[in-house]
Amino acid sequence: YLWHDELDPLTEPMIKVIKTLIYGVKPSGSLAECALRKVADNMASNYPQGSVIIKKDTYVDDCISGASSLRQMNAVTDDLKIGLQSGGFNLKGFTFSGSDSEEKLSAGGKSVHVGGLGWYSKDDKIAFSIGKLNLARKIRGRKEISGIGGIPEDLTMRDCISRVAELFDPLGKVMPIIPGMKQDISLLHSSGLDWDDKIPENLRKMWVSNFEMLEEIRKVRYS
């Protein structure tokens, strides 16, 4: 890009190059992914196993992989750390099965978000990554903590749909339950409600039950 301090159109501008990706710019994610794959290609001769893991076991900014022994696991993590640093990627850390995650990687050192799910590494259990019930309105992009656990009197169709949409279940563990909630969403639509209309009292009890079920799903852990 062209730059000069005084914004004088008659002044010869300097030519500058942005050498890092800017968070929030649309192509940044794809460019970072391409750079990661390029680094994997470059490190293939010196760190072949790390190169394969980067290409096959990464999802966005997560890497989910494994090893058959502790010795192999330590060797792989060293390869990944050194190989990625050669391309300017500094890893935030590693989490291993059988031990708690580092505080900087997790929620209270207990679970870490991987691939859209929560992983309790100490017990090697998976949990659904769904937050505590909070239907408070967002203020400057954040919801007030006071709204946690409460169901507002003016419960809307938007509240109901957004809560169900929070549940990410790529393995279909709760598929027998979620279609029923989607039928309940269809009932809201067929009632002629707009997004921010208060749902009728005869449907409120049904949705309170749905919210309670989602709270129970939050507690589920599976291998």
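Scroll up to find the structure.
Source: prediction; values computed, not measured.

**A look at the overall build of the protein chain**
Item 1. When helices and strands are tallied, the protein chain shows six helices and 10 strands.
Item 2. Computed over the C-alpha atoms, the radius of gyration of the protein chain is 24 Å, more than 25% above the 17 Å expected from 2.2 N^0.38 for a compact globule of 223 residues.
Item 3. A principal-axis box enclosing the C-alpha atoms of the protein chain has dimensions of 65 × 65 × 30 Å.
Item 4. With 223 residues in all, the protein chain has 28% of them scored as buried.
Item 5. Here the contacts in the protein chain between residues at least 6 apart in sequence split such that 49% fall between residues at least 24 apart.
Item 6. Averaged over its 30 positive side-chain charges, the protein chain has a centre that lies 4 Å from the centre of its 30 negative ones.

**A word on helix α1 (residues 28-42)**
An α-helical segment advances 3.6 residues per turn. Residues three or four places apart therefore align on the same side.
Item 1. Across its 15 residues, α1 extends 21 Å between first and last C-alpha, which sits within 8% of the 21 Å expected from 1.5 Å per residue.
Item 2. Among the residues making up α1, those that are buried are Ser28, Leu36, Val39 and Ala40. The buried residues of α1 occupy one face: seen down the axis, they fall within an arc of 115 degrees. Counted as exposed and oriented over 90 degrees from the buried face of α1: Ser30, Cys34, Lys38 and Asn42.
Item 3. Contacts from the buried residues of α1 go to α2 (48-57), β3 (58-59) and α3 (70-85).

**Some points on the pairing of strand β7 (residues 125-128)**
Regular strands have side chains that alternate between both faces of the sheet.
Item 1. Pairing between strand β6 (residues 117-120) and β7: four bridges, direction antiparallel. For Leu117, the partnering residue across the bridge sits in β7 and is Phe128.
Item 2. Note: β7 against strand β10 (residues 221-222), two bridges, orientation antiparallel. Looking at β10, one finds that Ile126 is bridged to Tyr222.

**Topic: the layout of surface pockets**
Item 1. Here the largest pocket defines a volume of roughly 1,600 Å³.
Item 2. Lining of the largest pocket is provided by 49 residues; of these, Asp61, Asp62, Cys63, Leu91 and Gly93 occupy positions nearest its centre.
Item 3. Broken down by secondary-structure element, the contributors of at least two residues to the lining of the largest pocket are α1, α2, β4 (62-63), α3, β5 (112-114) and β6.
Item 4. With six residues, the single largest contributor to the lining of the largest pocket is α3.
Item 5. The computed volume of the second largest pocket comes to approximately 250 Å³.
Item 6. Counting residues per element, the ones that place at least two in the lining of the second largest pocket are β6 and β7.
Item 7. Classifying every residue of the lining of the second largest pocket gives five nonpolar, five polar and two charged.

**Considering the pattern of salt bridges**
Item 1. Scanning the entire structure with this criterion turns up nine salt bridges.
Item 2. Arg218 is the partner of Glu215 in a salt bridge, and the nearest nitrogen-oxygen pair spans 3.4 Å. One end of the pair, Glu215, and the other, Arg218, are both in helix α6 (residues 201-218), three residues apart, so they sit about a helical turn from each other.

**Side note on the nonpolar core**
When a protein is soluble and globular, its nonpolar side chains tend to lie buried together.
Item 1. Counting residues in each nonpolar core, the largest one holds 24 residues, and the members touching the most others are Leu167, Leu188, Ile199, Trp207, Phe211 and Leu214.
Item 2. Listed by contribution, the elements that provide at least two residues to this core are α4 (157-165), α5 (178-190) and α6.
Item 3. With five residues, the top contributor of residues to this core is α6.
Item 4. Once you skip the residues sitting within four places of it in the chain, Trp207 turns out to touch Leu155, Cys160, Val164, Met181, Asp184, Ile185, Leu188 and Ile199.
Item 5. Ranked by size, the runner-up nonpolar core spans nine residues in total, among them Leu36, Val39, Val76 and Leu84.

**A look at the environment of Lys104**
Item 1. Mapping Lys104 onto the fold places it in the loop between α3 and β5.
Item 2. For the pair Lys104 and Arg137, spaced 33 residues apart in the sequence, the C-alpha separation amounts to 29 Å.
Item 3. At a separation of 3.1 Å, a polar atom in the side chain of Lys104 contacts the main-chain carbonyl oxygen of Lys92.

Conventions and cut-offs
- Residues numbered from 1 in each chain as written.
- Predicted model: local features only at pLDDT ≥ 70, side-chain atom pairs only at ≥ 80, totals over all residues.
- Heavy atoms only, no water.
- Helix = DSSP H or I, 4+ residues; strand = E, 2+ residues; numbered from the N terminus.
- Rg over C-alpha atoms; globule rule 2.2 N^0.38 Å.
- Buried < 20%, exposed > 50% of the residue type's maximum accessible area, 1.4 Å probe, protein only.
- Contact = heavy atoms within 4.5 Å.
- Lys, Arg positive; Asp, Glu negative; His and termini not counted.
- Charge placed at Lys NZ, Arg CZ, Asp CG, Glu CD.
- Expected span 1.5 Å × (residues − 1).
- Arc of directions from axis to C-beta.
- Pairing = 2+ DSSP bridges.
- 1 Å grid on protein atoms, 1.4 Å probe; cavity = no way out; pocket = protein on both sides within 12 Å on 5 of 7 lines; lining within 4 Å.
- Points joined across faces, edges and corners; volume = space filled by probe spheres on them.
- Nonpolar A, V, L, I, M, F, W, Y, C, P; charged D, E, K, R; others polar.
- Salt bridge = Lys/Arg side-chain N within 4 Å of Asp/Glu carboxyl O.
- Core = buried A, V, L, I, M, F, W, Y, C linked by side-chain atoms within 4.5 Å.
- Polar contact = N/O pair within 3.5 Å; in protein donor to acceptor, adjacent residues only side chain to side chain.

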